[in-house]
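# Coordinates in review
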Amino acid sequence: MTTQALPTALAAIVDDFQALSEPERLQLLLEFSEGLPELPDRLKDHPELLEQVVECQSPLFLTIETEKTDDGPAGVVHLYFKAPAEAPTTRGFAGVLHEGLDGLSAGEILSVPDDMPELLGLTRAITPLRMRGMTAMLGRIKRKVAAASRLHG
């Protein structure tokens, strides 16, 4: 699979990872973990609005919000993540998804291949369990987006 199937921002991130050696890829993942935005105040005080991705080894929570548009279909999707600072791998992948998918349409997010995490080239650098967590994170986002699309569509 190539990055052509990916939305532009996510394809650029994958290209960045693929251009690096494995140790450098881990460093880039750490940079994404540091760049993960904090939850907005309206979500910080309401953990019940976030859904845990239980497949992740670290406690990772996420939610999405869809902007409504006047012309019918749901607008852009915003992603929100809560991951502990002491879980840089999990936070890093959440950061990749946030930077690569936040602000896209539901259709663009739903078109991302489920095996996209494998394109980052981290399969030898991190454990299969962590890779499963990354894939589960993407799957959970896609399920939530699909459900929101049905509600608003």
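Residues numbered from 1 in each chain as written. Predicted model: local features only at pLDDT ≥ 70, side-chain atom pairs only at ≥ 80, totals over all residues. Heavy atoms only, no water.

## Concerning the sheet that holds strand E1 (residues 51–52)
The sheet built from three strands is open, its strands ordered E1-E2-E3 with antiparallel pairing. Every interior strand has two partners, whereas the edge strands, E1 and strand E3 (77–82), have only one. Summarising the sheet, strand E2 (residues 61–66) and E3 pair through six bridges and their orientation is antiparallel. Opposite Phe61, over in E3, you have Lys82 as the bridge partner. (Pairing = 2+ DSSP bridges. Helix = DSSP H or I, 4+ residues; strand = E, 2+ residues; numbered from the N terminus.)

## As for the packing of aromatic side chains
Throughout the structure, instances matching the rule amount to one aromatic pair. Aromatic side chains Phe17 and Phe32 sit 6.0 Å apart centroid to centroid with 20 degrees between the ring planes, which places their arrangement in the stacked category. One end of the pair, Phe17, is in helix H1 (residues 8–18); the other, Phe32, is in helix H2 (residues 22–34), and 15 residues separate them in sequence. This pair shows no difference in class: Phe17 is buried, exactly as Phe32 is. Lying across the ring of Phe61, Lys82 places its NZ or CZ 5.8 Å from the centre. (Phe/Tyr/Trp six-rings, centres within 6.5 Å; stacked < 30°, edge-to-face > 60°. Buried < 20%, exposed > 50% of the residue type's maximum accessible area, 1.4 Å probe, protein only. Lys NZ or Arg CZ within 6 Å of the ring centre and 35° of its normal.)

## Details of the environment of Gln57
Within the element layout of this structure, Gln57 appears in the loop between E1 and E2. Each C-alpha atom, one on Gln57 and one on Asp15, is 26 Å from the other, the two residues being 42 residues apart in sequence. Look past the residues within four positions of Gln57 in its chain and what remains in contact with it is Thr127, Leu129 and Arg130. Within the structure, Gln57 has its side chain in polar contact with the side chain of Arg130 (distance 3.4 Å). (Contact = heavy atoms within 4.5 Å. Polar contact = N/O pair within 3.5 Å; in protein donor to acceptor, adjacent residues only side chain to side chain.)

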